[in-house]
Amino acid sequence: MNFMDTKESYFLQKGKDIFIIGLFLLLMARAVGAYSLLPSKIDNVLFSMLALFGAIVLAADFFTRILKKNRWTYDPLLLFFMVIMLISSIVNIKYGIFGNLKFIIWEALYFFIIYDNGISASKKNTDTLLSIISSLLITVWTMLVIVSLGMFLTQYHYSIQLSRVNPLRIGMLEGRLFGVFSDPNYASVMCVVTIFLSLYYLFSKKYTNKWLLSGIILSIFLNVSYIILSGSRNGLITLLMTTFVFVFFGMYQYQMKKEVNLFISVLISIFSGLGVIGAVYLITKLIKAGWSYFPQFFDKKEVSGKLEGRVDLTRPDVAKSTDVSNLRFTIWKSAIEIFQSSWLFGTSPKNMIAYAQDILPNTYIAQRNFSVHNAYLNTLASTGILGGITFVVFLLGKVVRVIKYLFKPITNFLSSRIFYCICGVFALAFSGFFHNEMILVNISGAFLFWFLLGKILGDFDEVNKIEDKRE
């Protein structure tokens, strides 16, 4: 029995919808660099009000399930992870507690509203919500990319040091396009998610409006252009790897329909994927070269960094460095050292730098105040071996379910929106190896990871129910 039948549950679901859409809009606003110029009180008030509203909705949802004995869908591993976060915060209380408590509340909202809604709500509701979120992402993010590309064409740039490690950089600086975004690496990964959610409109054959399809194609091109001009290696490799996944399973399903031998199907799919990402990589090189010629037509003054009529898109920090990881290996080594010193419960999510400066002052993270730049290592160091294993076990369980789904015959595979959601989740999970994506952060990438993952698993449950009825 679906627990959306009562009037109370109807309003509860509307509360969840409002929270989910409202949070996504605020997180996209926060991704814009100029947002940092606003007084911090405005950001605190907006997110505090939304967190309070979400907490009320979550409390109402929790007690509704208990009192009315509704279907319990909260994931036990995520509940256990919350307990570990709380214990870790108490163990490291001398470094601060209120930041961790706020963070725990936000993680609860991600786990038990954003993620759980995809599983507990009706498919009709989640389909509608997915359409709204996808439309907002494609429209808003592409508009931000357009403004950013305009900054590239005019070579606009602005930089100011705020009360943080890195300065706020807007426009074209240091051989890369920051554009309107505060961080081009996160922005590029969001572009990848936008691209693959956009592909649904092209391949599903459910949309025939030529203006819509032309707009989607243009959006994809512009988002790819931003990834290239941003100089984000994380964004580019995430684009290539997600393209491989898309082509591999698309080709595999095509071979399944032709009843080709399993081994041959996998082999063809692998070579198809490798061939396409090779072609995509060459195309990105051509697009990059093409864009480099255009700023000279928009700026009457001498273009800084101009090279034979082109803009020099070489990143000085990469070109002049012998470290292929751009300091990531050093940061990861530092995170491992911190984990080893507090291996059971970690440093707590918000106190890693304070802990490192107190216990391990000679580590790179302690000296430079850097984040870990790896979601998995960050989780391990922040919540210890208990939190790290819990999160990995949770993820592996979902990965197994997704792989089982993708390797079985699926009718109208490319017409199913779930495949494009899987590509979006993969992009975010893969980029987590290079940045703090998915978990222990309150950013648009983390939002989409939990929202799309919940939708995927909810659709899996719906498919299983239909199959059970047939049997």
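Everything here concerns the structure above.
A quick note: this is a predicted structure, and the numbers were derived from the prediction, not measured. (Residues numbered from 1 in each chain as written. Predicted model: local features only at pLDDT ≥ 70, side-chain atom pairs only at ≥ 80, totals over all residues. Heavy atoms only, no water.)

Undergrad: Explain the sheet that holds strand S3 (residues 176–179) to me, and be specific about the residues and the numbers.
TA: In space, the 3 strands of this open sheet follow the order S1-S2-S3, with antiparallel pairing throughout. Each edge of the open sheet carries a strand with a single partner, namely strand S1 (157–160) and S3. Within the sheet, the average angular offset between the axes of one strand and its neighbour, ignoring direction, is 35 degrees. In terms of strand pairing, strand S2 (residues 168–173) meets S3 through 3 bridges, oriented antiparallel. Residue Met-172 lies in a different strand from S3, and its bridge partner there is Leu-177. Contacts from helix H5 (residues 123–154) reach S2 and S3, with the element oriented near 130 degrees to S3. (Pairing = 2+ DSSP bridges. Helix = DSSP H or I, 4+ residues; strand = E, 2+ residues; numbered from the N terminus. Axes fitted to C-alpha atoms, helices over the stretch in contact; angles between N-to-C directions. Contact = heavy atoms within 4.5 Å.)

Undergrad: Which residues make up the pattern of salt bridges, and what values go with them?
TA: Across all of its chains, the model carries 11 salt bridges by this definition. For the salt bridge of Lys-123 with Asp-127, the shortest nitrogen-to-oxygen distance reads 2.9 Å. Residue Lys-123 and its partner Asp-127 are both found in helix H5; the two are separated by 4 residues, about one turn of the helix. Its relative accessible area of 35% is what places Lys-123 among the partly exposed residues. Of the charged contacts in the structure, one is a salt bridge between Lys-455 and Asp-127, with a shortest N-O distance of 2.4 Å. Linking Lys-455 in helix H16 (residues 444–470) with Asp-127 in helix H5, this pair joins segments that are 328 residues apart in sequence. Accessibility expressed as a relative area gives 28% for Asp-127, which makes it partly exposed. (Salt bridge = Lys/Arg side-chain N within 4 Å of Asp/Glu carboxyl O. Buried < 20%, exposed > 50% of the residue type's maximum accessible area, 1.4 Å probe, protein only.)

Undergrad: Any chance you could break down the packing of aromatic side chains for me, citing the residues and the numbers?
TA: Applying the stated criterion to the full structure yields 45 aromatic pairs. Ring geometry for Phe-111 and Phe-112: centres 6.0 Å apart, planes at 80 degrees, overall edge-to-face. Judged on exposure class, the residue Phe-111 and its partner Phe-112 are both buried. Among the aromatic residues, ring-to-ring pairing joins Phe-62, Phe-63, Trp-72, Tyr-74, Phe-81, Phe-111, Phe-112, Tyr-115, Phe-391, Phe-394, Phe-449 and Trp-450 into one connected group. Directly above the ring of Phe-47 sits Arg-30, whose terminal nitrogen or CZ lies 3.7 Å from the centroid. Above the ring of Phe-178, the side-chain terminus of Arg-176 is found at 5.5 Å from the ring centroid. (Phe/Tyr/Trp six-rings, centres within 6.5 Å; stacked < 30°, edge-to-face > 60°. Lys NZ or Arg CZ within 6 Å of the ring centre and 35° of its normal.)

Undergrad: Explain the nonpolar core to me, and be specific about the residues and the numbers.
TA: Within the largest apolar cluster, 118 residues are counted, with the highest numbers of intra-cluster contacts made by Leu-23, Tyr-110, Trp-141, Phe-447, Leu-448 and Trp-450. Every residue in contact with Leu-23, bar those within four places of it in the chain, is listed here: Phe-47, Leu-50, Trp-106, Tyr-110, Ile-114, Asn-442 and Phe-447. If you look at the next biggest cluster of nonpolar residues, it comprises 16 residues, including Tyr-95, Trp-332, Phe-370 and Leu-377. (Core = buried A, V, L, I, M, F, W, Y, C linked by side-chain atoms within 4.5 Å.)

Undergrad: Account for helix H2 (residues 40–67), naming residues and giving values.
TA: Over its 28 residues, H2 runs 40 Å from end to end, which matches the ideal 40 Å to within 8%, given 1.5 Å per residue. Burial in H2 covers these residues: Asp-43, Phe-47, Leu-50, Ala-51, Gly-54, Val-57, Leu-58, Asp-61, Thr-64 and Arg-65. Two residues or fewer past H2, Lys-69 is found with a positive phi of approximately 55 degrees. (Expected span 1.5 Å × (residues − 1).)

Undergrad: Summarise the packing of helix H8 (residues 233–257) against helix H15 (residues 417–431); cite the residues concerned and give the values.
TA: Close contact between H8 and H15 brings their axes to 9 Å; oriented N to C, the two are set at 145 degrees. Regarding H8 and H15, the two cross each other, and that crossing is right-handed. Side by side, H8 and H15 meet where Asn-234, Ile-237, Thr-238, Met-241, Thr-242, Val-245, Phe-246, Phe-249 and Gly-250 of the first sit next to Phe-419, Tyr-420, Cys-423, Phe-426, Ala-427, Phe-430 and Ser-431 of the second. In terms of residue class, the contact of H8 with H15 is made up of 11 nonpolar, 5 polar and no charged. (Left-handed = near helix turned anticlockwise from the far one by under 90°. Nonpolar A, V, L, I, M, F, W, Y, C, P; charged D, E, K, R; others polar.)

Undergrad: Break down helix H9 (residues 262–291) for me, with residues and values.
TA: The terminal C-alpha atoms of H9 lie 43 Å apart, and with 30 residues this matches the ideal 44 Å at 1.5 Å per residue to within 8%. Along H9, the residues that are buried comprise Ser-265, Ser-269, Ser-272, Gly-273, Ile-277, Thr-284, Ile-287 and Trp-291. On its buried face, H9 sits against H5, helix H7 (210–229) and H8. The N-cap of H9, judged by a side-chain oxygen 2.9 Å from the amide nitrogen of Phe-263 a few residues on, is Asn-261. (Polar contact = N/O pair within 3.5 Å; in protein donor to acceptor, adjacent residues only side chain to side chain.)

Undergrad: Which residues make up the pairing of S2, and what values go with them?
TA: Judged by how many residues are buried, S2 sits mostly within the fold: 6 of 6 residues are covered. Where S1 lies against S2, 4 bridges are found, and the strand directions are antiparallel. Bridge assignment links Tyr-158 to a residue of S2, and that residue is Ile-170. Taken together, S2 and the strand that follows it, S3, pair antiparallel across an intervening segment of 2 residues, in which Glu-174 is found at a positive phi of about 55 degrees.

Undergrad: Tell me about the environment of Pro-361, and name the residues and values.
TA: Its location among the elements puts Pro-361 in the loop between helix H12 (352–359) and helix H13 (364–368). For Pro-361, a relative accessible area of 41% translates into the label partly exposed.

Undergrad: Any chance you could break down unusual backbone geometry for me, citing the residues and the numbers?
TA: Positive phi, close to 80 degrees, is recorded for Met-438, a residue that is not glycine. For Met-438, the location among the structural elements is in the loop between H15 and H16. Of note, Leu-440 is a non-glycine position whose phi angle comes to about 65 degrees, a positive value. Looking at where Leu-440 falls in the secondary structure, it is placed in the loop between H15 and H16. For Leu-440, a relative accessible area of 7% corresponds to the buried category.

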